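Here is what each chain is made of, one letter per residue.
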Amino acid sequence: MRLGLMMGYSGAGIAIDIEMIKEAEKLGYDSVWTAEAWGSDAVTPLAWIAAQTTKIRLGTGIMQLPGRSPANTAMTAMTLDALSGGRFILGLGTSGPQVVEGWHGVSFAKPLTWIREYVTIVRKILAREEALTFDGERYQIPYRGPGATGLGKPLKSILYGRKDLPIYIGAMAPKSQAQTAEIADGLLLTCMHPERFEVIEEHLNEGFKKVPGKSLETFDVAPTVAVILGDDVDACRMPLKLSLALYIGGMGAKDKNFYNAYIRKIGFEAEAIDIQEKFLAGKKQE
């Protein structure tokens, strides 16, 4: 087991506790992670951290697919990896339909196809074996759709990237977890019940079957584990309760919330329903 430090994303203001990150590095922590929702981005804080550390690995948990083209993500990953001395972990995810369509203004259709194409393109760029071309449902490179000039030219990255740069995917839905096991190097989880790992493991095994030699021995599972220190148990619980309420109750539509579905599967169905109903009722009153 390796320890990572999650810095998350900002609230109304942004501040990075760089001294805590340096202490984590000194104590032997494996990695530090940033995130993005609909405020601060994941990459800029990580670049700031990279410049003030020397050993700790640097992960995005996650960079949202709708916010960047696959090529732009590959460029960012190669650049930050090179400047940090090969410490970057590329954490990707679609986010949910409310963010994808409500914030980024693009379609959430066929998310499994979307992330498979995205990762394939990023890996082709990192491999740098040939000029980039791709013919998929969501991406065609060079672009030849409506409004195309016909002048697009297949290109090969000027910068030499690390071919084995690790790619992790944030996935809470069963089919997405199976695909992640197939196409990625690690799985990022918002939450995980440590005594009910079999709920996730069965999905991962579906994906491993498609890649000879791949298993949990060669794959990372990286769940977020919230820790708050203090003498007042109720006060320490409160921010965790608020966070869980947001994800279980409101991170997605009522009938399409992957976090809520997971909590139900691990034995808290009544609680998940109750939290969602109260969260949605509270939103209606705002």
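Note that the structure is a prediction, hence the values are computed from the model and not measured.

A. Seen up close, the pattern of salt bridges. Throughout the structure, instances matching the rule amount to 15 salt bridges. The partner of Asp185 in a salt bridge is Arg123, with the nearest N and O atoms 3.2 Å apart. Of the two residues, Asp185 is situated in the loop between helix H6 (174-183) and strand S9 (186-189) and Arg123 in helix H5 (residues 111-127); the sequence distance between them amounts to 62 residues. Take Arg123: its relative accessible area is 27%, and that puts it in the partly exposed class. Salt bridges linked by common partners bring Asp81, Arg162 and Asp164 together as one network.

B. Representation of the packing of aromatic side chains. Under the definition given, this model contains 4 aromatic pairs. With a centroid separation of 5.3 Å and 75 degrees between ring planes, the pair formed by Phe208 and Phe219 is classed as edge-to-face. In this pair, Phe208 sits in helix H7 (residues 198-208) while Phe219 sits in the loop between H7 and strand S10 (220-223), placing the two residues 11 residues apart along the sequence. Assessed through its relative accessible area of 5%, Phe208 is described here as buried. Given a relative accessible area of 4%, Phe219 falls into the buried group. Taking the centre distance of 5.0 Å and the plane angle of 80 degrees together, the rings of Tyr247 and Tyr259 count as edge-to-face. You can see Tyr247 sitting in helix H8 (residues 233-250) and its partner Tyr259 sitting in helix H9 (residues 258-265), a full 12 residues away along the chain.

What counts as what
Residues numbered from 1 in each chain as written. Predicted model: local features only at pLDDT ≥ 70, side-chain atom pairs only at ≥ 80, totals over all residues. Heavy atoms only, no water. Salt bridge = Lys/Arg side-chain N within 4 Å of Asp/Glu carboxyl O. Helix = DSSP H or I, 4+ residues; strand = E, 2+ residues; numbered from the N terminus. Buried < 20%, exposed > 50% of the residue type's maximum accessible area, 1.4 Å probe, protein only. Phe/Tyr/Trp six-rings, centres within 6.5 Å; stacked < 30°, edge-to-face > 60°.

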